[in-house]
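Topology and contacts: notes
Below, each chain spelled out in residue letters.
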Amino acid sequence: MHTKRTIFKDEIRAEFFPPNPTGLSKFFADEKDRIMIYAGGMPAMPSKKYLLEFFSHRGWWAVHPRYRGCWESEGEFLTEEPTEDIIDVIEELSEGFPSIWEDEEYQVEPDQVVVVGASFGGAAAILSTISDEVDKAVCFAPVVDWTAESESEPHDWLYNVVDRAYGGAYNVSKENWDKLEGGKFYNPSAYTDQLDGDDIMIFHAEDDETVEFESVEEFAENIGCKLVAKESGGHLSVRNIQKFSWWWQAKNFIN
């Protein structure tokens, strides 16, 4: 299937697939418009066609935006919380958005919106549930507390990697990057009183050295969300959602 490309708010570029159910999904498809927004990790190549196809083939609209200031999108990264980019995308779905390759216009009135997030993007997925626009969040190895600095990827080291290895892919100043260390900006642990655990599901491995399991376990207990703990797996990728047992758990949670 050809990946479609669009732009939201004249700044946020994204890839997307309309629903295209295949196999057994055709027999269970209904007329509801279900939306999956993928909040990606960083630094990472923004190539998640497999994830978009996975949801599209199950009857979902699937959208992968690049945060403002990242890759093709306009703006400066981390001027505002990336969660704002996710919400802007969701709001514009019902206002209409173009498929640039085909010069076609789409408009979707979502019946259900799920944000799937991994690592850095897991924070965006979690925080997006504060908005009435989002029904559920499914997260893989999410960052839940920026003050719990990783020994394997400390803040300053990661900034240097992003600055030197990714060049123009991330337009981020050191001043904006350092806001992450403050504990209030884009930090799920600072919003526990606003989060409803019933809306959030987390997959996390106990041997994760990038986002330590202990911080995620404590966070999950604090908000009462569903935590699926894996004994091993390291820093889990969103690709795991394609595994039958993992998708079955996520699907049951979403439903």
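See the structure above.
These lines cover the structure that appears in this document, whether it is placed above or below.

Calculation criteria
Residues numbered from 1 in each chain as written. Predicted model: local features only at pLDDT ≥ 70, side-chain atom pairs only at ≥ 80, totals over all residues. Heavy atoms only, no water. Helix = DSSP H or I, 4+ residues; strand = E, 2+ residues; numbered from the N terminus. Polar contact = N/O pair within 3.5 Å; in protein donor to acceptor, adjacent residues only side chain to side chain. Contact = heavy atoms within 4.5 Å. Pairing = 2+ DSSP bridges. Axes fitted to C-alpha atoms, helices over the stretch in contact; angles between N-to-C directions. Salt bridge = Lys/Arg side-chain N within 4 Å of Asp/Glu carboxyl O. Buried < 20%, exposed > 50% of the residue type's maximum accessible area, 1.4 Å probe, protein only.

**Re the side chain of Thr6**
Mapped onto the elements of the fold, Thr6 is located in strand S1 (residues 4-8). Reaching out from Thr6, the side chain makes a polar contact with the backbone oxygen of Pro98 at a distance of 2.5 Å. Setting aside residues no more than four positions away along its own chain, Thr6 makes contact with Ile12, Arg13, Ala14, Phe16, Phe97, Pro98 and Ile100.

**Re the sheet that holds strand S8 (residues 136-140)**
With mixed pairing, the eight strands of this open sheet are ordered in space as S1-S2-S4-S3-S7-S8-S9-S10. Of all strands in the sheet, those bounded by a partner on one side alone are S1 and strand S10 (226-230). Taking each pair of neighbouring strands and ignoring which way they run, the sheet shows an average axis angle of 20°. Of the strand pairs in this sheet, S1 and strand S2 (residues 12-17) are connected by five bridges, and their pairing is antiparallel. Residue Phe8 lies in a different strand from S2, and its bridge partner there is Ile12.

**Overview of the pattern of salt bridges**
This model, assessed by the stated rule, comprises 12 salt bridges. With a closest N to O distance of 3.0 Å, Arg68 and Asp88 form a salt bridge. With Arg68 in the loop between strand S4 (60-65) and helix H3 (82-93) and Asp88 in helix H3, this residue pair connects regions lying 20 residues apart in the sequence. Two residues, Asp178 and Lys174, come together in a salt bridge whose shortest N-O distance is 2.7 Å. With a relative accessible area of 29%, Asp178 lands in the partly exposed category. A network of salt bridges, in which partner residues are shared, links Arg5, Glu15, Arg66 and Glu72.

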